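Residue-level structural notes
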Amino acid sequence: MIADPILRNTSLHPLSRTCGEWNEMELIQISLQKIVDKVDAEFNLFATYRQTAELKCKGVEAGEKSCWPLDTPQELTPDNSIETDREAYRQAYAIAADPSQAFLRRNRYYGRRSEYQGWYLDGSETGALQDDEFFYVPHAPLGQMLLCNLPDPCENRADYAHAVDKQVNEMQQAFSNPFAVPKDGWDAERKVPYGQTSQGDDDVALQYHFWLLAYPHPDGKRLVPTLYQPGEEGGAYLLPLDIECLEMLADVIWVSKTSHCNALEYLKKLLVDQGEDGMNPIERNLRRTAGWLAENPISKRERAQQESSRRLDRIFRGQ
């Protein structure tokens, strides 16, 4: 199992409580979870994720290298020159073939606060892909947020506020375009996502765009709203939006070209922004992209292999 910290604060409180007994943060968490549950029920997402995990791990056992939606471990190469290489290969192979790590690789720092990581929760080094290929998962765009480079607000609120003002101003006055909007498109002919992280001059900015996913919880038992950022050298950021994560987002800053607010407040704005279709932008985008999951590379590979077997059978039968 994943380290205990990320398993805290994820179960909903008894539904017997009245509305007035919930605090706003709990209401946001429950509202996000209800959206994920609703989309899951309609599109059968959890079953698709689970089948994908089983097929992926069977494929690895059979010699396949694809570990979608995670990258292929660097050590997962048949280099048997020295014992350390062989041991690294065995470890990477075991991880890649482990269904419980199909959507997030175990990491002892994951979900923790530490002196090295600062005040925010560690959601890196999970192996999640960092390019357009990741985006078969149901997702909704959130935008740019200030997180890693802010000082601990609990240690010195004045220093934190000064850093927020400085960094927001630098972003809004930047000559480049840090607020590039992802195309978030779907190629219906090739059945692949595009434009989430790659669109020419804006590629770097898009790596820092945050998204909300309908994604498996680290315990593998359910889907939960999950925060994701592709990132660059440090790896993708991937963390369930439980109460502890929402507490962190109260000090994370969402930034646009003309305004900014704490990320928790921005989530609330998205949730209450009901359109004529009765949906808010989060639900609308999760529903729009939910059907993409069934076309993920592992599922495509399985269907191609099945079709190849059927053709071989027809040839054998002389049809």
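To be clear, the structure that these remarks concern was listed above.
Summarised in this report is the structure supplied together with it. It should be emphasised that the depicted structure is a prediction, and the values quoted were computed from it without experimental measurement.

What follows covers the overall build of the protein. Helices and strands together make up the secondary structure of the protein, namely 9 helices and 8 strands. Residue burial in the protein is summarised as follows: out of 319 residues, 50% are buried. In the protein, the proportion of contacts linking residues at least 24 apart, taken out of those at least 6 apart, comes to 65%. In the form shown here, the protein has an accessible surface area of approximately 16,400 Å², with 50% of it arising from carbon and sulfur atoms.

The geometry of helix 1 (residues 24-43) relative to helix 7 (residues 263-272) is characterised by a closest axis approach of 11 Å and an angle of 50 degrees between their N-to-C directions. With respect to each other, helix 1 and helix 7 are oriented oblique. Like other packed secondary-structure pairs, helix 1 and helix 7 cross with a definite hand, here left-handed. On helix 7, the residues that touch E24, M25, I28, S31, L32 and I35 of helix 1 are L264, L267, K268 and L271. A breakdown of the residues in the contact of helix 1 with helix 7 according to their chemical character gives 7 nonpolar, 1 polar and 2 charged.

For strand 5 (residues 223-229), the tally of buried residues reaches 7 of 7 residues, placing the bulk of the element in the interior. Bridge analysis of strand 4 (residues 209-216) against strand 5 gives 6 bridges, and the strand direction is antiparallel. Following the sheet pairing, Y215 is matched in strand 5 by V224. Between the end of strand 4 and the start of strand 5, which pair antiparallel, lie 6 residues, with G220 showing a positive phi angle near 75 degrees. The sheet contact formed by strand 5 and strand 6 (residues 237-240) spans 4 bridges and is antiparallel. Residue Q229 lies in a different strand from strand 6, and its bridge partner there is Y237.

So, on to the pattern of salt bridges. Should the charged atoms of two oppositely charged side chains come close, the side chains can pair. As enumerated under the stated definition, the model contains 16 salt bridges in all. Salt-bridge contacts for D184 lead to R288; the nearest nitrogen and oxygen are separated by 2.4 Å. Within this pair, whereas D184 is found in the loop between helix 4 (157-172) and strand 2 (185-187), its partner R288 is found in helix 8 (residues 281-290), the two being separated by 104 residues in sequence. Across the pair D219 and R222 runs a salt bridge, and its minimum N-O distance is 2.3 Å. Note on D219: relative accessible area 17%, which makes it buried. Each of E24, E265 and K268 takes part in one network of salt bridges that share partners.

Quick look at the packing of helix 1 against helix 8 now. At a closest axis distance of 10 Å, the pairing of helix 1 and helix 8 adopts a crossing angle of 25 degrees. It follows that helix 1 is roughly parallel to helix 8 by the angle criterion. Relative to helix 8, helix 1 is oriented so that their crossing is right-handed. Residues L32, I35, V36, K38, V39, E42 and F43 of helix 1 pack against I282, E283, L286, R287 and A290 of helix 8. Tallied by class, the residues present in the contact of helix 1 with helix 8 amount to 8 nonpolar, no polar and 4 charged.

Before going further, it helps to spend a moment on the environment of K300. Note that K300 resides in helix 9 (residues 297-316). Linking K300 and K191, residues 109 residues apart in sequence, is a C-alpha distance of 9.6 Å. Once residues lying within four places of it in the same chain are set aside, the contact partners of K300 are Y136, R190, K191, V192 and E295. At 3.3 Å, the side chain of K300 forms a polar contact with the side chain of Y136.

Looking now at the packing of aromatic side chains. Scanning the entire structure with this criterion turns up 14 aromatic pairs. Judged by centre distance (5.7 Å) and plane angle (80 degrees), the ring pair of F135 and Y228 falls under edge-to-face. A residue pair is termed long-range when its members are at least 10 positions apart, and F135 in the loop between helix 3 (83-96) and strand 1 (139-146) and Y228 in strand 5 qualify at 93 residues. The exposure class of F135 is buried, given its relative accessible area of 0%. Owing to a relative accessible area of 0%, Y228 belongs among the buried residues under this scheme. Linked through ring pairs, Y49, F103, F134, F135, W211, Y215 and Y228 together constitute an aromatic cluster. The ring of F103 is capped by K56, whose NZ or CZ atom sits 5.6 Å from the centre of that ring.

Cut-offs applied
Residues numbered from 1 in each chain as written. Predicted model: local features only at pLDDT ≥ 70, side-chain atom pairs only at ≥ 80, totals over all residues. Heavy atoms only, no water. Helix = DSSP H or I, 4+ residues; strand = E, 2+ residues; numbered from the N terminus. Buried < 20%, exposed > 50% of the residue type's maximum accessible area, 1.4 Å probe, protein only. Contact = heavy atoms within 4.5 Å. Areas by Shrake-Rupley, 256 points an atom, 1.4 Å probe, with all protein chains shown as cover. Axes fitted to C-alpha atoms, helices over the stretch in contact; angles between N-to-C directions. Parallel < 35°, antiparallel > 145°, perpendicular 65-115°, else oblique. Left-handed = near helix turned anticlockwise from the far one by under 90°. Nonpolar A, V, L, I, M, F, W, Y, C, P; charged D, E, K, R; others polar. Pairing = 2+ DSSP bridges. Salt bridge = Lys/Arg side-chain N within 4 Å of Asp/Glu carboxyl O. Polar contact = N/O pair within 3.5 Å; in protein donor to acceptor, adjacent residues only side chain to side chain. Phe/Tyr/Trp six-rings, centres within 6.5 Å; stacked < 30°, edge-to-face > 60°. Lys NZ or Arg CZ within 6 Å of the ring centre and 35° of its normal.

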